[in-house]
Every structure is written in structure tokens, then in C-alpha cells.
Amino acid sequence: MALLEIQLYSEVLMKEVSLAVILPLPTITNMEYGDQVAYPDHHQKYQTLWLLHAATGDYTKCLRSSRIETYAREHQLAVVMPSLENSCGHNIPYYGDFFTFITEELPAKLGAVLPLSRKREHNFVAGPSIGGYTAFMLALRRPEQYAAAISLAGGLDLKLAGTNKNTERWFTLIKQSLFGENNEYYDPHIHDLEVIAQDLKESGKIQPRFYACCGEEDLYRHVGQGVIASMQAMGFDVTYVMGHGRHDWDYWDSHLREAIEWLQLNREFVE
């Protein structure tokens with residue numbers, strides 16, 4: 001495996017940004033067992049998972065909390081983990097255009113220097129908690145870019161995300177940043193997943209597949225269920241899995257592995 005920690009300048013955000021990229025390359029285990037691990041030829045690319053962190057996290061959080069390196073090796077999958085701060089993947093007035101950064105600038109820059117496929121059928125987006133919201137939002141707003149989205153106990157309804165009294169103050173600050181102090185920046189066609197899903201359905205564009213899971217003991221279980229039910233009622237292909245677990249990586253990691261299996265990847269180079 002190769003773990004690349006990258007710092008680059010973002011013209012969109014107008015600052016240095018940090019991210020990590022996993023590329024499946026030979027390890028000592030391959031040598032021990034005599035496995036042959038190929039390097040991509042000039043015309044070959046990796047299928048790519050864009051793995052987004054939860055609220056308050058950064059590009060290291062998924063690396064430190066999951067076995068994503070193992071899952072990437074098993075599936076010959078490249079994994080890109082950017083830092084999106086507390087943007088939820090949105091363009092935020094007077095702060096930064098994170099949506100443009102993650103959907104346009106970063107894929108273009110990484111695709112120019114790394115063997116990552118740019119084709120829709122080989123790109124997927126995932127994340128836990130708020131990262132799950134961001135994953136669904138990106139796939140719904142850019143269905144031509146992602147074949148599937150994965151939400152690990154995602155806070156899919158931002159209107160309900162602050163209903164836990166222990167995190168109410170934090171979500172109040174985040175919502176003011178996203179929407180403005182008086183909701184002057186709020187746009188349901190950008191921020192509300194049910195409205196965005198309806199927009200996509202009415203557009204007639206290609207629809208991604210969706211995978212969502214949540215633990216039965218999760219404090220934020222109610223934050224995602226309504227959106228999932230609404231999308232299923234609209235006819236979207238949404239797989240929803242429930243089981244015992246809390247709002248933490250003990251639950252998310254096992255379902256990250258299941259979700260990557262659900263993607264039905266090639267397990268080989270593409271293009």
C-alpha cells in the first residue's frame with residue numbers, strides 16, 4: 001500500500017489544503033504469500049472512493065479510525081480523503097467554495113498526477129455522520145460524477161441535526177456559518193436532500209445508487225430516517241441497513257467494509 005499525504009494550494013479556497021490518498025501497491029504480505037500485485041500501465045486507472053470525514057474531523061480521521069487501507073487493498077481501490085473543515089461540502093459565502101473544490105478542482109488536480117479514473121462509473125463518495133450527508137448531497141447534485149454514495153449514520157437532515165441538547169450549540173454555530181445568521185444563504189435546492197432528490201428525479205438525469213446504515217442506539221438515528229424514506233418513496237435505489245451500534249467508528253467501520261462490498265467493484269484496473 002502507498003499512503004500519500006499531500007499539501008497543495010487551492011486556487012478555489014485560496015489557501016493550502018491537506019489530504020491523504022491511498023493507492024493499492026505491493027506490501028510485505030504480497031511477497032510472503034507470492035501474490036502478484038501489478039502497477040498501473042499508462043492507460044490504466046484505479047476506481048476511486050472519495051471518503052469524507054465527520055464533523056470536526058480532518059483528512060486523518062478516517063485513516064485513524066477505520067481499516068480503510070485493508071479494504072482498499074482487498075478491492076484494488078484508490079481512496080481520497082480531503083479536509084473539508086465544517087463546510088458540509090458547501091460553498092460558504094465569505095469563507096470558502098468547498099463544493100467547487102471537492103467536485104471540480106481536486107478531481108482535476110489529482111487526476112492530472114495520479115492514476116485515478118475520472119469516469120462516473122468508477123467514482124464513489126462516502127462518509128460517516130455529517131460526511132454521510134455530504135456524500136449524499138454531492139451524488140444528488142452531481143449525478144454525472146458519482147455512481148454511488150454511502151452514508152454511515154449520516155446526519156441527512158440538517159434541520160434536525162442540532163436537536164441533541166449536547167451538541168445544540170455546535171450545530172447552531174455551523175448552521176449560522178452555512179446559512180447565515182438569519183438564514184439568508186439557505187437554499188433548499190442546495191442544502192435540503194429531499195428537495196435536491198426531487199430536483200434530480202424531475203430532471204430525468206441518471207441517478208446514483210445509495211447505501212445508508214445506522215445503529216439502533218445511535219443518538220442521531222432520527223436525523224436520517226426521514227430523508228431515506230422520502231428518497232425510497234421517490235423511487236431512488238437506496239439500500240438501508242439497521243443494526244446494533246452507536247454513533248461511532250466501532251459501528252461505522254464494519255459497515256464501511258460492507259458498503260464497499262455493496263459497490264461491486266472491479267477489483268482490477270479500469271480503462
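Structure first, text after, so check above.
Summarised in this report is the structure supplied together with it.

## Quick notes on the pairing of strand β10 (residues 238-243)
Moving on, step 1. Across 6 bridges, the pairing between strand β9 (residues 209-215) and β10 is parallel. If you follow Tyr211 over to β10, its bridge partner there is Thr239.
Moving on, step 2. Read from β9 through helix α9 (residues 221-234) to β10, the crossover connection turns out right-handed.

## Section: the sheet that holds β10
Moving on, step 1. Here 8 strands make up an open sheet; going across it, the order is β1-β2-β4-β3-β7-β8-β9-β10 and the pairing mixed. In the strand order of this sheet, the two ends are held by β1 (2-10) and β10, each with one partner. Here the average twist between neighbouring strands, direction ignored, is 20°.
Moving on, step 2. Of the strands in this sheet, β1, β2 (15-23), β3 (47-51) and β4 (77-82) touch helix α4 (residues 98-113), which is tilted by about 120° from β1.
Moving on, step 3. On top of the sheet, helix α10 (residues 249-262) reaches β3, β4, β7 (123-128), β8 (148-152), β9 and β10; it is set at about 155° to β9, its chief contact.

## A word on the pattern of salt bridges
Moving on, step 1. Counting across every chain of the model gives 8 salt bridges.
Moving on, step 2. With a shortest N-O distance of 2.5 Å, Glu85 and Lys15 are connected by a salt bridge. Here the residue Glu85 occupies a position in the loop between β4 and β5 (91-92), and Lys15 occupies one in strand β2, the gap between them amounting to 70 residues.
Moving on, step 3. A salt bridge links Glu74 to Arg257; the shortest N-O distance between them is 2.4 Å.

## Quick look at the pairing of β7
Moving on, step 1. The buried fraction of β7 is high, at 6 of 6 residues.
Moving on, step 2. Where burial is concerned, the two faces of β7 agree: the one with Asn123, Val125 and Gly127 and the one with Phe124, Ala126 and Pro128 are both buried.
Moving on, step 3. Pairing geometry for β3 and β7, over 4 bridges, is parallel. The residue bridging Thr48 from the neighbouring strand is Asn123, located in β7.
Moving on, step 4. Here 5 bridges tie β7 to β8, and the two strands are oriented parallel to one another. Of the residues in β8, the one forming a bridge with Pro128 is Leu152.
Moving on, step 5. For the crossover that starts at β7, traverses helix α5 (residues 130-141) and ends in the parallel β8, the hand is right-handed.

Reading the values: the criteria
- Residues numbered from 1 in each chain as written.
- Predicted model: local features only at pLDDT ≥ 70, side-chain atom pairs only at ≥ 80, totals over all residues.
- Heavy atoms only, no water.
- Pairing = 2+ DSSP bridges.
- Helix = DSSP H or I, 4+ residues; strand = E, 2+ residues; numbered from the N terminus.
- Right-handed = clockwise from strand over helix to strand, strands pointing away.
- Axes fitted to C-alpha atoms, helices over the stretch in contact; angles between N-to-C directions.
- Contact = heavy atoms within 4.5 Å.
- Salt bridge = Lys/Arg side-chain N within 4 Å of Asp/Glu carboxyl O.
- Buried < 20%, exposed > 50% of the residue type's maximum accessible area, 1.4 Å probe, protein only.

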